[in-house]
Amino acid sequence: MRARVERAFRLVAVALALLACASAVHADPVVTEIVQLRLERTDEGVLLSANVKFDLPSVVEDALLKGIPMFFVAEAVLFRDRWYWYDKELATSARHMRLSYQPLTRRWRLMVSPTPIGNSGLALGQTFDTQEEALAAVQRISRWKIGDAGDVDPEARHNVDFRFKLDLSQLPRPFQIGAVGQADWNISAGRNQRLAIESAR
């Protein structure tokens, strides 16, 4: 019990220190871009590949280096066009990512799951030697299945909404409170793209 209370106090102290640093310097908004978005219609289903570009703000990087994991989420929604009403939602997919740094081993770990990842770490993951390698794995999505082949009507037009963000709701409570409205915690981007009529083989 005592160890748990001490750990909670440490988290609060780290959060307050980071927020103090963040408020001391005026932070520019984080530039987050989806520099590549590719959709494929295959026999396997609808596949999405993307490359999201952003630099980690110093306050986020400092939190990671102190052992606080960061959670990112990519979401994709497949729609069928309807001229007479709003587009019909056919399928929704999510990709949750938990990025963490282990100060003792000096290694980075990335866990990926279709559902939110708790601190228990019950998800598939891989380790990296450098921050650059780990962040590149977060930013790059390759042939992610976002819909079944049967979801797509070959006679209709379809489009996909793709969104990527730093998920503040999964951070420790002190960080959630302090990060609200802070530009340097706002890592997010979105794009809508048409699904090509031609099948990808």
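The structure under discussion appears in the preceding block.
What counts as what
- Residues numbered from 1 in each chain as written.
- Predicted model: local features only at pLDDT ≥ 70, side-chain atom pairs only at ≥ 80, totals over all residues.
- Heavy atoms only, no water.
- Helix = DSSP H or I, 4+ residues; strand = E, 2+ residues; numbered from the N terminus.
- Buried < 20%, exposed > 50% of the residue type's maximum accessible area, 1.4 Å probe, protein only.
- Contact = heavy atoms within 4.5 Å.
- Patch = residues over 30% accessible without salt bridge, like charges linked within 9 Å, V, L, I, M, F, W, Y side chains within 5 Å.
- Areas by Shrake-Rupley, 256 points an atom, 1.4 Å probe, with all protein chains shown as cover.
- Salt bridge = Lys/Arg side-chain N within 4 Å of Asp/Glu carboxyl O.
- Pairing = 2+ DSSP bridges.
- Axes fitted to C-alpha atoms, helices over the stretch in contact; angles between N-to-C directions.
- Arc of directions from axis to C-beta.
- Phe/Tyr/Trp six-rings, centres within 6.5 Å; stacked < 30°, edge-to-face > 60°.

Section: the overall build of the chain
Summing up its helical and strand segments, the chain has 4 helices and 9 strands in all. If you list the helices and strands of the chain from N to C, you get α-β-β-α-β-β-β-β-α-β-β-α-β. Among the 201 residues that make up the chain, the fraction classed as buried is 40%. A fraction of 64% describes how many contacts in the chain between residues 6 or more apart in sequence connect residues 24 or more apart.

Brief notes about a nonpolar patch on the surface
A cluster of nonpolar side chains, namely Trp83, Tyr84, Trp85 and Tyr86, defines an oily patch on the protein surface of about 700 Å² accessible area. Tracing the chain through its elements places tyrosine 84 in the loop between β3 (70–80) and β4 (88–102). A residue is classified by how much of its surface remains accessible, and tyrosine 84, at 52% relative accessible area, is exposed.

Regarding the sheet that holds strand β7 (residues 140–147)
One open sheet holds the 3 strands; their spatial order is β1-β2-β7, and the pairing between them is antiparallel. Sheet topology places β1 (33–41) and β7 at the edges, where each strand pairs with a single neighbour. In this sheet, neighbouring strand axes are inclined to one another by 20° on average, regardless of whether the strands run parallel or antiparallel. Bridge analysis of strand β2 (residues 46–53) against β7 gives 5 bridges, and the strand direction is antiparallel. Bridging across to β7, leucine 48 finds its partner in tryptophan 144.

A word on helix α2 (residues 58–65)
Of the positions making up α2, those classed as buried are Val59, Val60, Ala63 and Leu64. Angular distribution of buried residues about the axis of α2 spans 140°; they occupy a single face of the element. Downstream of α2 by a residue or two, glycine 67 has a phi angle that is positive, lying close to 95°.

A few points about the packing of aromatic side chains
When we look at a pair of aromatic rings, we describe it by the centre distance and by the angle of the planes. Tallying each qualifying case throughout the model produces 6 aromatic pairs. Where phenylalanine 72 meets phenylalanine 164, the ring centres are 5.9 Å apart and the plane angle is 20°; that geometry is what we call stacked. Separated by 92 residues along the polypeptide, phenylalanine 72 in strand β3 and phenylalanine 164 in strand β8 (residues 158–166) bring together distant segments of the chain. Judged by its relative accessible area of 1%, phenylalanine 164 is buried. Ring geometry for tryptophan 83 against tyrosine 84: centres 5.6 Å apart, planes inclined by 80°, an arrangement best described as edge-to-face. Grouping aromatic residues by their ring pairs yields a cluster made of Phe54, Phe72 and Phe164.

By themselves, these figures tell us nothing about what the structure is for.
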